[in-house]
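# Understanding the architecture of this molecule
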Amino acid sequence: ETFDLKQYNVNNFANSDSGLDDVEPTILKESPVTVEEGQTVELFCLGVGHPADMSFSWYFGDNLLPQNDPRITVSDFGRQVSISKAATSDIGLYKCACENDQGDTTTYYNVDVSPPTTVPEITITEFPEPLYFHDIYSDTPLDIVLPCSATGADQVRFWKDGKLLRLSDRYTFDEDIGLTFHTYDSSDSGVYQCVASNSKHWVQKMTFVVITEKVTVKAAADITRKGNDATLTCTVSGYPYPEVTWSHNGVPITNTLPEVSPYIVDSPPTHSLVIKQIYFSDGGVYKCSAQSRTRNIEPEYSHSAEDSVTLTIGDLNDVEQSAESSGGVVRSM
């Protein structure tokens with residue numbers, strides 16, 4: 001709240017008969033001041049009285065404060081003195097002298113400058129290297145732990161993809177262990193930061209966590225017919241999202257041009273193979289394969305799955321699909 005000197009004078013020095021009486025100045029605020037080296041000393045000399053036109057003079061010991069010291073600033077009509085970058089040479093007794101037509105008064109400020117508080121540097125001594133990978137293919141996946149040991153820190157927090165990670169039943173943090181994932185899925189993949197801080201310093205380290213999901217492939221049980229064309233569909237899931245390929249009787253199919261039969265249409269998670277103007281030679285086993293890989297990670301992991309559909313061509317007007325399927329045989333590499 002701003003101090004209104006004029007209103008203070010009216011409230012405290014008013015006379016019911018003649019308005020304001022002439023009153024010698026009084027200094028309202030005085031107190032010892034303690035700062036650390038390098039901080040700023042702030043001294044306030046709040047004088048009141050009537051007339052309110054007062055002059056202020058500042059002394060360090062018995063001498064007037066030097067006007068040519070760039071660290072010293074006098075403001076608010078002389079009421080305030082600021083001394084920046086305080087040093088031990090600024091320790092001592094400061095005096096404010098306040099004067100108006102009715103008299104003068106003084107007050108003293110004992111200034112002490114203490115050594116700066118020692119704040120230790122921070123070192124993060126343990127954190128996984130970038131592109132950390134955790135395999136969750138096992139039936140009983142273990143907890144994921146991101147150890148983050150920091151010395152000199154008052155606080156350690158984790159961020160994911162630029163946002164502060166809120167601890168919950170899924171994530172817990174222990175200074176001796178680190179960040180533990182108790183349950184997780186591919187949505188937990190991303191950039192993780194361990195940020196350690198104290199009152200003066202902060203340090204961070206980053207890593208990229210990839211949490212894979214098992215690849216699944218399911219070829220269509222039915223064939224969609226339109227005229228003499230047939231469409232086979234293959235639904236795929238997995239993280240990182242798999243690369244999908246087709247083959248006919250073991251021969252890879254790579255064509256994506258509708259002008260050529262058969263051609264591939266990719267619209268994840270469904271991948272289609274369109275066979276135009278079906279002929280006897282189009283019969284056989286069509287296999288949909290999917291492979292998910294983690295790249296730039298040592299060791300590199302890959303996971304794949306496949307399923308097949310068998311087309312039995314009776315005559316040109318009758319295209320049948322056997323009920324046989326490979327059952328989504330899965331293999332890991």
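Residues numbered from 1 in each chain as written. Predicted model: local features only at pLDDT ≥ 70, side-chain atom pairs only at ≥ 80, totals over all residues. Heavy atoms only, no water.

### Looking at the pattern of salt bridges
A side chain of one charge can pair with a side chain of the opposite charge if their charged atoms are brought near each other. In this structure the tally under the stated criterion is 7 salt bridges. With its nearest N and O atoms 3.8 Å apart, the salt bridge here joins Asp69 to Arg71. Residue Lys218 is joined to Asp307 by a salt bridge in which the shortest nitrogen-to-oxygen separation is 4.0 Å. Here Lys218 is found in strand β23 (residues 213-219), whereas its partner Asp307 is found in strand β31 (residues 302-315), with 89 residues between them in sequence. For Asp307, a relative accessible area of 1% gives the class buried. In the salt-bridge network here, residues are joined through shared partners; they are Asp69, Arg71 and Asp90. (Salt bridge = Lys/Arg side-chain N within 4 Å of Asp/Glu carboxyl O. Helix = DSSP H or I, 4+ residues; strand = E, 2+ residues; numbered from the N terminus. Buried < 20%, exposed > 50% of the residue type's maximum accessible area, 1.4 Å probe, protein only.)

### Quick word on the side chain of Ser82
Along the chain, Ser82 turns up in strand β10 (residues 80-83). For Ser82, a relative accessible area of 15% corresponds to the buried category. A polar atom in the side chain of Ser82 sits 2.7 Å from the side chain of Glu42. The contact partners of Ser82, leaving out residues within four places of it in the chain, are Thr40, Val41, Glu42, Arg71, Ile72 and Thr73. (Polar contact = N/O pair within 3.5 Å; in protein donor to acceptor, adjacent residues only side chain to side chain. Contact = heavy atoms within 4.5 Å.)

### Examining the packing of aromatic side chains
The way to describe two aromatic rings as a pair is by their centre distance and the angle between their planes. Counted under the stated rule, the structure contains 6 aromatic pairs. Ring centres of Trp58 and Tyr109 lie 5.7 Å apart, and the angle between their planes is 35°; this geometry places the pair in the tilted category. On the criterion of sequence distance, the pair formed by Trp58 in strand β7 (residues 55-60) and Tyr109 in strand β12 (residues 103-114) is long-range, its members being 51 residues apart. According to the relative accessible area criterion, Trp58 is buried, its value standing at 5%. For the cation-ring pair, Lys95 lies above Tyr59, with the distance from its terminal atom to the ring centre recorded as 4.5 Å. (Phe/Tyr/Trp six-rings, centres within 6.5 Å; stacked < 30°, edge-to-face > 60°. Lys NZ or Arg CZ within 6 Å of the ring centre and 35° of its normal.)

### Let's talk about the side chain of Asn255
Examined against the element boundaries, Asn255 turns out to sit in the loop between β27 (251-253) and β28 (263-267). A polar contact is formed between the side chain of Asn255 and the backbone oxygen of Val260, at a distance of 3.0 Å. Within the structure, the side chain of Asn255 is placed 3.1 Å from the backbone oxygen of Pro262, a separation counted as a polar contact. Dropping the residues within four chain positions of it, Asn255 is found in contact with Val260, Ser261, Pro262, Tyr263 and Ile264.

### Focus: the sheet that holds strand β19 (residues 171-174)
Taking strand neighbours across the sheet as the criterion, the 3 strands line up as β15-β20-β19 in an open arrangement whose pairing is antiparallel. The open sheet has two edge strands, β15 (144-146) and β19, and neither has a second partner. Shown here is a sheet whose adjacent strand axes are inclined to one another by a mean of 20°, direction ignored. Relative to strand β20 (residues 178-181), β19 is paired through 4 bridges, and the arrangement is antiparallel. Residue pairing for β20: Thr172 is matched across the bridge by Thr180. (Pairing = 2+ DSSP bridges. Axes fitted to C-alpha atoms, helices over the stretch in contact; angles between N-to-C directions.)

### Remarks on the pairing of strand β11 (residues 92-100)
With 6 bridges joining them, β7 and β11 adopt antiparallel strand pairing. Counterpart to Ser57 in the pairing with β11 is Ala97. The pairing of β11 with β12 spans 9 bridges and is antiparallel. If you follow Ala97 over to β12, its bridge partner there is Thr106. What sits between β11 and β12 in their antiparallel hairpin is a turn of 2 residues.

### Focus: a negative patch on the surface
A cluster of acidic residues, Asp53, Glu99, Asp101 and Asp104, forms a negative patch at the surface. Within the secondary structure, Asp104 sits in strand β12. (Patch = residues over 30% accessible without salt bridge, like charges linked within 9 Å, V, L, I, M, F, W, Y side chains within 5 Å. Areas by Shrake-Rupley, 256 points an atom, 1.4 Å probe, with all protein chains shown as cover. Lys, Arg positive; Asp, Glu negative; His and termini not counted. Charge placed at Lys NZ, Arg CZ, Asp CG, Glu CD.)

### So, the sheet that holds β12
Two modes of strand pairing occur in sheets, parallel and antiparallel, and in both the strands are linked by backbone hydrogen bonds. With mixed pairing, the 5 strands of this open sheet are ordered in space as β4-β12-β11-β7-β8. Looking at strand neighbours, the two that pair on one side only are β4 (33-36) and β8 (63-64), the edges of this open sheet.

### Quick notes on the state of the cysteines
Scanning the model with the defined rule gives 3 disulfides in all. Linked covalently through their sulfurs, Cys45 and Cys96 form a disulfide whose S-S length is 1.9 Å. The sign of the S-S torsion, about -85°, decides the handedness of the disulfide formed by Cys45 and Cys96: left-handed. Of this pair, Cys45 sits in the loop between β5 (41-44) and β6 (47-50) while Cys96 is found in strand β11, placing the two residues 51 residues apart along the sequence. On the basis of relative accessible area, Cys45 is assigned to the buried category, the value being 1%. (Disulfide = S-S within 2.5 Å.)

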